[in-house]
Amino acid sequence: MTKPAAKMHSSTPATIALREEILQFSRERMEMDPVPLDGPQTLEFLQKHASNSISEKGLGGHKALKLFEEVLAPACISIDHPGYLSFIPAAPTEAATLFDLVVSSTSIYGGSWLEGSGAVFAENEVLSWLAAEVGLPKSAGGVFVQGGSLGNLSALVTARHTAIEERKKNNKKLPKRWSIIASSESHSSLKAAARVMDIDVHIAKADADGRLTGKAVLKTASKIKDGLFAVVGTGGTTNFGIVDRLDEIAKAAKKLDIWFHVDGAYGLAAVLDPKRKHLFKGANKADSFIVDPHKWLFAPFDSCALVYRKPILAARAHTQHGEYLDTLTHSGEFNPSDYAYNLTRRPRGLPLWFSLATHGIGAYRTAIAENIDLAHKIADVIRNRSDLKLVREPELSIVVFEKEGWKLADYEKWSDRILKAGLGFVTPSSHNGRPNARFAIVNPRTDIKLLTQLVDSMSE
Ligand SMILES: *Cc1c(COP(=O)(O)O)cnc(C)c1O
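Residues numbered from 1 in each chain as written. Predicted model: local features only at pLDDT ≥ 70, side-chain atom pairs only at ≥ 80, totals over all residues. Heavy atoms only, no water.

Observations regarding the overall build of the protein chain
Within the protein chain, the regular secondary structure consists of 16 helices and eleven strands. Taken along the three principal axes of its C-alpha coordinates, the protein chain extends 70 × 70 × 45 Å. Residue burial in the protein chain is summarised as follows: out of 460 residues, 51% are buried. Across the protein chain, the fraction of contacts at a sequence separation of at least 24, relative to all contacts at a separation of at least 6, is 72%. Of the roughly 22800 Å² of accessible surface on the protein chain, a fraction of 55% belongs to carbon and sulfur atoms. With 57 positive and 52 negative side-chain charges, the protein chain shows a spacing of 6 Å between the two charge centroids. (Helix = DSSP H or I, 4+ residues; strand = E, 2+ residues; numbered from the N terminus. Buried < 20%, exposed > 50% of the residue type's maximum accessible area, 1.4 Å probe, protein only. Contact = heavy atoms within 4.5 Å. Areas by Shrake-Rupley, 256 points an atom, 1.4 Å probe, with all protein chains shown as cover. Lys, Arg positive; Asp, Glu negative; His and termini not counted. Charge placed at Lys NZ, Arg CZ, Asp CG, Glu CD.)

Written out as structure tokens, the structure reads:
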């Protein structure tokens, strides 16, 4: 006899039926090509159609799933739709998505070697491979964290902790304020991390192409009296996909004797394309880097690979100590939780591991190269239209352009129109106060026909 309390954890006729329904739902979602774009609903609509799902007795799985399928899911834009080109989309492979189901169904704890050694080993295989692609030594390592924001924060916490230890070792005074240098084009998460850490961010001005140079870093550094401990180079800016002069920044960091972090959340994936690898020259000098598999390595949310040249420095900064944890800490084994600001974690690197193991690295190189080639192709189309103008030449897979005479309201109207038509999702962006349209291309299912149709729809 199943104890009443364990019923919902067991195979009863109700849970078996639900299992089939859920798998069927997932199967159908994955078979859609393309998936419907869908779109946001108002709070009033959702209150009217989806309230009262949480009750003392429960709805039963069938009704709850219907509510999701018919009301809640269609109120979410499909990030993996080929016309989703806003922000940075996601386009997980089938293998990666399927394996996310496996990760959930196996309840693996990914925080410690003791509990999850097999999963941790596989995740570390992926991190080592990424480190090697970027040019870091075999001894490099790290952890998959929730996202790039947490990855940047964790890397900077490690950098500062290292700087503090270094000063203490040399009997040097600690500064009144700690600070980092970042580019005027760098991601908002760096300022957010700085607020959490209570440090200052000195902004070095990117050049006319939107790149941070070594010269700009040195110039900014010359005005800082004390407490500078890191510089962040961006491997593919979020706005334009421009790669900073990482080699120059690496040299500047060496000269200043500070930590060099590469924020490659979106763009560092392009190091896999042999034609673009040269853009990332100098990334191999990084003390740490991040790249988000949920952005351009075709993995589902949420996943950021955080890699350190010397992982031991991260463990010194991040390991949590406690009576019930010390059995893990003293084991000498590799515990992923020690390498970032996190403790409990799902082994979120496994969907990428499985997809890579399934398809091979070559398929990734091809998919990323095709995205970039497509960006350059639509840029050619835009360049040849008299009413359109590229804001900057694309470097990776982001294309930013203006339509002659359009104000923000025109971009907004167009954006609403194409979303409602289920054609695409392109929110207006801006540069130097001028509104524009921006395509961020990371989906291998996006093609030139769709992009041309979107461009054409601006004149309708
Ligand atoms: C997206 C992005 C981040 C933040 O990553 P999240 O996964 O959204 O937290 C940081 N840096 C860059 C360059 C990004 O493009």
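Here we look at the sheet that holds strand 6 (residues 288-291)
Reading across from one edge, 1-7-6-5-4-2-3 is the order of the seven strands in this open sheet, with mixed pairing throughout. Each end of this open sheet is capped by a strand with a single partner; those strands are strand 1 (141-145) and strand 3 (200-204). The sheet shows a mean angle of 20 degrees between the axes of neighbouring strands, direction not considered. Strand direction decides the pairing type here: strand 5 (residues 259-263) and strand 6, joined by three bridges, are parallel. When the sheet's bridge partners are listed, histidine 261 is paired in strand 6 with serine 288. Here helix 6 (residues 148-169) sits on the sheet in contact with strand 1, strand 2 (179-183), strand 4 (228-234), strand 5, strand 6 and strand 7 (304-308), set at roughly 20 degrees to strand 7. Most of the contacts of helix 9 (residues 246-256) go to strand 4, to which it runs at about 175 degrees, and overall it touches strand 4 and strand 5. (Pairing = 2+ DSSP bridges. Axes fitted to C-alpha atoms, helices over the stretch in contact; angles between N-to-C directions.)

As for the packing of aromatic side chains
Per the counting criterion, the structure on display carries 13 aromatic pairs. Here phenylalanine 99 and tryptophan 353 contribute two aromatic rings whose centre-to-centre distance is 5.9 Å and whose plane-to-plane angle is 65 degrees, an arrangement assigned as edge-to-face. Separated by 254 residues along the polypeptide, phenylalanine 99 in helix 4 (residues 94-106) and tryptophan 353 in helix 13 (residues 350-359) bring together distant segments of the chain. Phenylalanine 99 gets classed as buried once you look at its relative accessible area, which sits at 15%. For the cation-ring pair, arginine 392 lies above phenylalanine 240, with the distance from its terminal atom to the ring centre recorded as 4.3 Å. (Phe/Tyr/Trp six-rings, centres within 6.5 Å; stacked < 30°, edge-to-face > 60°. Lys NZ or Arg CZ within 6 Å of the ring centre and 35° of its normal.)

Here we look at the site of the ligand
Taken together, 13 residues surround the ligand, and among them Gly148, Thr238, Asp263, Asp292 and Lys295 come closest. Residue serine 149 places a side-chain N or O atom 2.8 Å away from an oxygen atom belonging to the ligand. Measuring from an oxygen atom of the ligand, one finds a side-chain N or O atom of aspartate 292 at 2.7 Å. If the ligand stood free it would expose 380 Å²; the protein chains cover 87% of that surface. Sort the elements by how many residues they give to the shell around the ligand and helix 6 lands first, with three residues. Along the lines of polarity and charge, the residues of the shell around the ligand split into two nonpolar, eight polar and three charged. (Near = heavy atom within 4 Å. Polar contact = N/O pair within 3.5 Å; in protein donor to acceptor, adjacent residues only side chain to side chain. Nonpolar A, V, L, I, M, F, W, Y, C, P; charged D, E, K, R; others polar.)

Remarks on the packing of helix 13 against helix 14 (residues 361-383)
The relative placement of two packed helices comes down to the angle between their axes together with the axis-to-axis distance. Helix 14 packs onto helix 13 with a crossing angle of 100 degrees between their chain directions and a minimal axis gap of 6 Å. Judged by the inter-axis angle, helix 13 sits roughly perpendicular to helix 14. Side by side, helix 13 and helix 14 meet where Leu352, Ser355, Leu356 and His359 of the first sit next to Ile361, Ala363 and Tyr364 of the second. Here the residues of the contact of helix 13 with helix 14 sort into five nonpolar, two polar and no charged. (Parallel < 35°, antiparallel > 145°, perpendicular 65-115°, else oblique.)

Regarding helix 8 (residues 214-221)
Buried within helix 8 are the following residues: Gly214, Ala216, Val217, Thr220 and Ala221. All buried residues of helix 8 project into a common sector of 165 degrees when viewed along the axis, lining one side. Away from its buried face by more than 90 degrees, helix 8 exposes Lys215 and Lys219. Where helix 8 is buried, its residues touch strand 2, strand 3, strand 4 and helix 9. (Arc of directions from axis to C-beta.)

Points about the nonpolar core
Within the largest apolar cluster, 59 residues are counted, with the highest numbers of intra-cluster contacts made by Phe260, Phe280, Phe289, Trp296, Leu297 and Ile368. Counting residues per element, this core draws most heavily on helix 5 (residues 113-134), which supplies six residues. Sequence-distant contacts of phenylalanine 280, defined by excluding residues within four places in its chain, comprise Gly235, Val243, Leu246, Gly267, Leu268, Ala270, Val271 and Leu396. (Core = buried A, V, L, I, M, F, W, Y, C linked by side-chain atoms within 4.5 Å.)

Notes on the sheet that holds strand 9 (residues 398-403)
Across the sheet, four strands lie side by side as 8-9-11-10; this open sheet has antiparallel pairing. The open sheet has two free edges, formed respectively by strand 8 (388-390) and strand 10 (429-431), since each of these has just one partner strand. On average, each strand axis in the sheet is inclined to that of its neighbour by 45 degrees, with strand direction left out of account. Where strand 10 meets strand 11 (residues 434-440), three bridges bridge the pair, whose relative direction is antiparallel. Its bridge partner being in strand 11, serine 430 is matched across the sheet by proline 435. Most of the contacts of helix 14 go to strand 9, to which it runs at about 15 degrees, and overall it touches strand 8, strand 9 and strand 11.

Details of helix 14
The end-to-end C-alpha distance of helix 14 is 33 Å, a good match for the 33 Å that 23 residues give at a rise of 1.5 Å each. The elements touched by buried residues of helix 14 are helix 10 (293-296), helix 13, strand 8, strand 9, strand 11 and helix 16 (448-457). (Expected span 1.5 Å × (residues − 1).)

Thoughts on the domain arrangement of the protein chain
Structurally, the protein chain comprises domain 1 (14-76), domain 2 (100-359) and domain 3 (363-459). Using C-alpha coordinates to define each centre, domain 2 is positioned 30 Å away from domain 3. Counting from both sides, the interface comprises 33 residues of domain 2 and, opposite them, 23 residues of domain 3. It is Phe240, Trp296 and Phe298 that lose the most area in domain 2 upon contact with domain 3, and together they represent 31% of the buried surface on that side. Across the domain 2-domain 3 interface, the total number found is five salt bridges. Arginine 365 is paired through a salt bridge with glutamate 133; the nearest N and O atoms lie 2.7 Å apart. Run the count over domain 2 and domain 3 and you get twelve residue pairs in polar contact (both at pLDDT 80 or more). Mapped by element, the contributors of at least two residues to the side of domain 2 that touches domain 3 are helix 10 and helix 13. With four residues, helix 13 is the single largest residue contributor to the side of domain 2 that touches domain 3. Classifying every residue of the side of domain 2 that touches domain 3 by side-chain character gives 16 nonpolar, nine polar and eight charged. (Domains from an automatic or database assignment. Buried area = accessible area lost by both parts, 1.4 Å probe. Salt bridge = Lys/Arg side-chain N within 4 Å of Asp/Glu carboxyl O.)

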